[in-house]
Amino acid sequence: FGSAIIAMAVVFLLRVKRDQQREESALRSLEEHKQIIEDLRLRLSVMFKISRGFVQAENERAIIELVLSQAMDVTGAAGASFVPLDERGQPLGAIRQGDFPFPLPDAWLEYLASPSIRQQCNACKNHGNVMKSCPLLKGPLSQVVGLYCLPLRRKDLDLGVLNLYLPDEKKI
């Protein structure tokens, strides 16, 4: 009789443990889903703000500034810049927002968007990743932490280069 009680107690404890593990797994899954929903809400909010901004914008620069602001909000970047390109692919004046780790002259931003750098960047094995150091950057830009360069294209037309400057601990 005693061994039957011990066996029932073991079975009961195993069931309790299994139920506890299921409950913990369900709670983890719920937390993951909550985070996914929150991320989707943030993205949707950004899209609404950008859509509203497109309607209210008086010129192209206002749209670019809106997109820079939203890119900083979504990614947690400290600063953002955009260098538009003319029809021949040559950099035009940079547009920037936020804080930068050092004084950032337009010439450096245009250097990042120059055809030779874009060509080297497209061939880079690190293309599309946040870099702690980029072999193409020289001078003060070599010390940038978390520089993310994103060439923007539409079909065969290069539109410009978006640069995000992320704090050391931040990831996209």
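Overview of the structure. (Residues numbered from 1 in each chain as written. Predicted model: local features only at pLDDT ≥ 70, side-chain atom pairs only at ≥ 80, totals over all residues. Heavy atoms only, no water.)

### Regarding the nonpolar core
Put simply, the rule reads: Buried Ala, Val, Leu, Ile, Met, Phe, Trp, Tyr and Cys residues form a nonpolar core when they are joined through side-chain atoms within 4.5 Å. Classification of residues uses two cut-offs on accessible area relative to the type maximum, computed with a 1.4 Å probe and protein chains only: under 20% is buried, over 50% is exposed, and between them is partly exposed. Helix and strand definitions here come from DSSP, where helices need a minimum of 4 consecutive H or I residues and strands a minimum of 2 consecutive E residues; each element is numbered from the N-terminal end.
Ranked by size, the top nonpolar core spans 12 residues in total: I64, L68, A71, M72, A77, A80, F82, I95, Y148, L162, L164 and L166. Counting only elements with at least two residues in this core, the list comes to α2 (60-75), β1 (79-84) and β4 (157-165). It is α2 that contributes the most residues to this core, 4 residues altogether.

### Describing the sheet that holds β1
In plain terms, the rule: Only when DSSP finds a minimum of two bridges between them are two strands counted as paired. Note on geometry: axes are C-alpha line fits, over the in-contact stretch for helices, and angles between N-to-C directions span 0 to 180 degrees.
The 4 strands are arranged β2-β1-β4-β3 in an open sheet whose pairing can be described as antiparallel. Looking along the sheet, the strands with just one partner apiece sit at the ends: β2 (95-98) and β3 (147-154). Shown here is a sheet whose adjacent strand axes are inclined to one another by a mean of 15 degrees, direction ignored. Across 8 bridges, β3 lies against β4 in antiparallel orientation.

### Details of unusual backbone geometry
Backbone geometry at K155 places phi at a positive 55 degrees, although glycine is not the residue there. Following the sequence through the fold, K155 ends up in the loop between β3 and β4.

### Re the layout of surface pockets
Inclusion rule: Of the two site types, the cavity is a set of points on a 1 Å grid over the protein atoms alone where a 1.4 Å probe fits but cannot get out, and the pocket is an open set with protein on both sides within 12 Å along at least five of seven lines, each lined by residues with an atom within 4 Å of a point. Grid points are joined across faces, edges and corners, and a volume is the space filled by probe spheres set on the points.
Volume-wise, the largest pocket comes out at about 550 Å³. Contributing to the lining of the largest pocket are 22 residues, with V67, A71, L150, L152 and L162 lying nearest its centre. Only α1 (2-56), α2, β1, β3 and β4 provide two or more residues apiece to the lining of the largest pocket. Element by element, the count of residues in the lining of the largest pocket is highest for α2, at 9 residues.

### Quick look at the pattern of salt bridges
Cut-off, in case you're wondering: Salt bridge, as used here, is a side-chain nitrogen of Lys or Arg placed within 4 Å of a carboxyl oxygen of Asp or Glu.
All told, the structure shown has 6 salt bridges when counted by the stated rule. Across the pair D19 and R18 runs a salt bridge, and its minimum N-O distance is 3.6 Å. Given the relative accessible area of 40%, D19 is considered partly exposed. In this structure, R41 engages E38 in a salt bridge whose closest nitrogen and oxygen atoms are separated by 3.7 Å. Placement of both R41 and E38 in helix α1 is noted, with a separation of 3 residues, approximately one turn of the helix.

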